[in-house]
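Next come the chains, spelled out residue by residue.
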Amino acid sequence: MKINWRDVARHYLMVVAFCCVIAVLTTLIWPRRSYLVQFGYAMSVGTITWLVIEFGRYLVDERNCHRDSTGGHGWPKGWRGLVLTAAGIAAGFMLGDRLGDTLWGDGISPSPRDNGISLVITIAAGALASFFFHARGKAASLIAERNAAERDASEAKLKLLETQLEPHMLFNTLANLRVLIATDPTRAIAMLDRLNSYLRVTLSGSRVASHPLAAEFDRLGDYLELMSVRMGDRLRYTLELPAELRDVPVPPLLLQPLVENAIRHGLEPKVEGGEIVVRARRDGDVLTIEVRDTGVGLVDAPPSNGSGFGVAQVRERLTAAHGARGGLQLAPDAHSGTRAVVTFPVPA
Amino acid sequence: MTATALIAEDEPLLAQALKAELAQLWPELQIVATVGDGRKAVSEALRLLPDVLFFDIRMPGLDGLGAADEVADAWPVDQAPMPQLVFVTAYDEYAMRAFDAQAIDYVLKPVQPDRLRKTVQRLQQALASRAPAAEAAPDAAVLDQTLAQWRQLLAAAGGGAVVGAAPLTPTPAPLKLIAASDAVGTTVRMVPIDEVLYFEAADKYIRVLTADKEYLIRTPLKQLLTQLDAQVFWQVHRAIVVRATAIDAVHRDEAGKLHLDLRGRPGNESIPVSRLYAHLFRAM
């Protein structure tokens, strides 16, 4: 059990402040006792109530407690919190009043009516203070939860960016560019323009919800052109997009991971290289986009294929945009290579 | 002094660029072959026996590390001295960090002329000192030195462990248990590390062998190596890690290759030792 003594001190300071206010109230009710004595009584009751609640919560199993802002042992959940509050108030009333009598008592025994009033005050004050601490604790744990969620989200975003901007691809592209600048400046400029638009979309891709399929194909073209400068005649590619499908909206870079996989797991390991075909077509109200490669195929891949980050990401985005009607199938292609098929509904 | 070199690089423009840079910095160097994949790198290196090998790490067919390993194993040391090895890579998370300080055997793409100049200087020195030494002591000392250099280089590039080399990353506590699937793949077995006699990498799996059983795990060997106690388990081959105390005998076959017999494993099962790790088994 780890007690955060700073928090304990802070809580007690708040209890003292609260007791000052209570003492003002009780002085108004029983003007015959001085404010200091009233404050003494309030402090006796308040301290005992606080001690029971502050340290009593450590008796409750941590699993049944909220987290505090630093993830430590917080306020007990549900009925346990209520029982603890009641116990604290009862102890405060029974022991605290007696302690007050011992310390500050003037020998005047209180009337039953006074006892009744002080019981009401203790319960009201205890309940109010507990509610205050409970609400504060809950807010702190909500903030802690939100911070953790934000951290997770930015980690996921970073991971996505890292996969899209794979350092190996980037540095190799730059290395090729460096060669072309000296040997073939015209091609170097063309390559730089491709890299430029590839980077622009990759870096801003997560900020727009969708772009036209024609733009998606253009970005695939940029990527494939960059890759074909690198791979030389080991990479051939075809992009087929019928004119009537050019304006269909798609999430930006939806197809990118599939083409990257086709190169990375299909063609790059293959000594003689091969061909990639990306083709879109409409069947009634369903749009089908096919990414085929003539690479080494799925045989060599670990049996868990299709659960990779890229593929999982495509599936997730399809589901987010089209629910159960969006889908992705991966299968070995007829002879060698892999075929990835994306389907989702389009309005007629 | 004319020296010969082989370039293995799968991206044609980059191969051409390296060739051009080398022509500037080392005009006497003769590039005897430029190949685009790991298999060809091995066969051409063994056919042409050049003095220097420039190997890209990521290549189709067989990667640069695998190709280097095969070259080391099959190099005919009685015909030509072991070549100098230089890795060329665009980005490598292991080597960039671990190796940057003295990494002149390691050239990053795009090639920086200053860096390449240092590499060239070191290569020239190594080749120059090799020539007279080879006359005096034909094999042993020079060969050992070159092999040690290759080992360091492969370990740095592959993230693997070499006995006696400082670990590249803070090592996690050695594994005590291995969660492996059995041959059928339906059950996960918890195999105490003390029962494991050796590990053998095969395709996408690692075979985990105890005295009488075999299990499979999916962790890459270089990752597994960081989790094993390097005093207890020795890497003896690119794909094999054995429990040192289980080694019973070391045999040398007619071709000069070493093989191990392990206590507790069938006698006819002999485990190959690659040349790079043969120094572990020299008689005391």
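About the thresholds
- Residues numbered from 1 in each chain as written.
- Chains lettered and ligands numbered in written order.
- Predicted model: local features only at pLDDT ≥ 70, side-chain atom pairs only at ≥ 80, totals over all residues.
- Heavy atoms only, no water.
- Helix = DSSP H or I, 4+ residues; strand = E, 2+ residues; numbered from the N terminus.
- Buried < 20%, exposed > 50% of the residue type's maximum accessible area, 1.4 Å probe, protein only.
- Contact = heavy atoms within 4.5 Å.
- Salt bridge = Lys/Arg side-chain N within 4 Å of Asp/Glu carboxyl O.
- Polar contact = N/O pair within 3.5 Å; in protein donor to acceptor, adjacent residues only side chain to side chain.
- Nonpolar A, V, L, I, M, F, W, Y, C, P; charged D, E, K, R; others polar.
- Core = buried A, V, L, I, M, F, W, Y, C linked by side-chain atoms within 4.5 Å.
- Axes fitted to C-alpha atoms, helices over the stretch in contact; angles between N-to-C directions.
- Parallel < 35°, antiparallel > 145°, perpendicular 65-115°, else oblique.
- Left-handed = near helix turned anticlockwise from the far one by under 90°.
- pLDDT = per-residue confidence, 0-100.
- Pairing = 2+ DSSP bridges.

J.: So what exactly am I meant to see when it comes to the side chain of Thr146 of chain B here?
T.: Residue and element names in this part refer to chain B. For Thr146, the location among the structural elements is in helix α6 (residues 140-158). For Thr146, a relative accessible area of 6% gives the class buried. Discounting residues that sit within four places of it in the chain, Thr146 has contacts with Met82, Pro83 and Gln84.

J.: It is not clear to me how the interface of chain A and chain B should be interpreted in this structure. Could you clarify?
T.: Where interface size is quoted, it is often the accessible area lost as the parts come together. Tallying the contact residues gives 25 residues for chain A and 21 residues for chain B. Seen at the junction of chain A and chain B, the total is 4 salt bridges. Measuring nitrogen to oxygen at the nearest pair gives 3.8 Å for the salt bridge that ties Asp10 of chain B to Arg234 of chain A. Linking chain A with chain B are 4 residue pairs in polar contact (both at pLDDT 80 or more). Those elements that provide at least two residues to the side of chain A that touches chain B are α5 (167-183) and α7 (213-231) of chain A. Counting residues per element, the side of chain A that touches chain B draws most heavily on α5 of chain A, at 11 residues. In terms of residue class, the side of chain A that touches chain B is built from 12 nonpolar, 5 polar and 8 charged.

J.: So what exactly am I meant to see when it comes to the nonpolar core here?
T.: Judged by nonpolar contacts, the single largest core of 47 residues is most densely connected at Phe55, Phe87, Trp150 and Val242 of chain B. In terms of residue count, α6 of chain B provides more of this core than any other element does, 6 residues in total. Excluding residues within four positions of it along the chain, Val242 of chain B makes contact with Leu197, Tyr198, Val232, Phe233, Trp234, Val236, Ile247, Leu260, Leu262 and Ile271 of chain B. Ranked by size, the runner-up nonpolar core spans 46 residues in total, among them Tyr223, Leu318 and Ala340 of chain A together with Leu13 of chain B.

J.: Explanation requested: helix α2 (residues 38-48) of chain B in the structure shown.
T.: All names here are of chain B. Listed in full, the buried residues belonging to α2 are Gly38, Ala41, Val42, Glu44 and Ala45. Residues of α2 that are buried sit in contact with β1 (3-8), β2 (29-35), β3 (52-56) and α3 (64-74). For α2, the side-chain oxygen to backbone nitrogen distance between the N-cap and Arg39 is 3.1 Å, and the N-cap itself is Asp37. Trailing α2 by a residue or two, Leu49 shows a phi angle of about 45 degrees, which is positive.

J.: It is not clear to me how the packing of α2 of chain B against α3 of chain B should be interpreted in this structure. Could you clarify?
T.: Helix-helix packing: each pair is described by the crossing angle between the helix axes and the interaxial distance. Residue and element names in this part refer to chain B. Between α2 and α3, whose axes approach to 9 Å, the crossing angle comes to 25 degrees. Looking at the two axes, α2 sits roughly parallel to α3. α3 is crossed by α2, and the crossing has right-handed handedness. The residues of α3 that touch α2, namely those facing Gly38, Arg39, Val42, Ala45 and Leu46, are Ala67, Glu70, Val71 and Ala74. Among the residues making up the contact of α2 with α3, the classes are represented as 6 nonpolar, 1 polar and 2 charged.

J.: How should the confidence of the model for chain A be read in this particular structure?
T.: Should the pLDDT be low somewhere, the predicted coordinates at that spot are not to be read in detail. The pLDDT averaged across chain A works out to 83; a share of 90% of its residues lies at or above 70. Here strand β1 (residues 65-67) of chain A stands out as the element of chain A with the lowest mean pLDDT, 73, in contrast to strand β4 (residues 235-240) of chain A, whose mean of 96 is the highest.

J.: Just checking my understanding: could you explain the confidence of the model for chain B for this structure?
T.: Residues and elements named next belong to chain B. On average, chain B scores 82 in pLDDT, and the residues at 70 or more come to 86%. Every residue in residues 160-170 is under pLDDT 50, and counting partners more than four places away or in other chains gives 15 contacts. Both scores are available for the predicted complex, with the pTM at 0.67 and the ipTM at 0.71.

J.: Quick question: what am I supposed to make of the environment of Arg187 of chain A here?
T.: Residues and elements named next belong to chain A. The residue Arg187 is located in helix α6 (residues 185-204) in this model. Classification of Arg187 by relative accessible area gives partly exposed; the value is 38%. Sequence separation between Arg187 and Leu177 is 10 residues, and the spatial gap between their C-alpha atoms is 8.9 Å. The residues touching Arg187, leaving out its near neighbours within four places in the chain, are Leu180 and Val229.

J.: I tried to follow the pairing of β2 of chain B on my own but got confused; where do I start?
T.: Along any regular strand the residues' side chains alternate between the sheet's two faces. Of the pairings in the sheet, the one linking β1 of chain B to β2 of chain B comprises 6 bridges and is parallel in character. Looking across to β2 of chain B, one finds that Ile7 of chain B is bridged to Thr34 of chain B.

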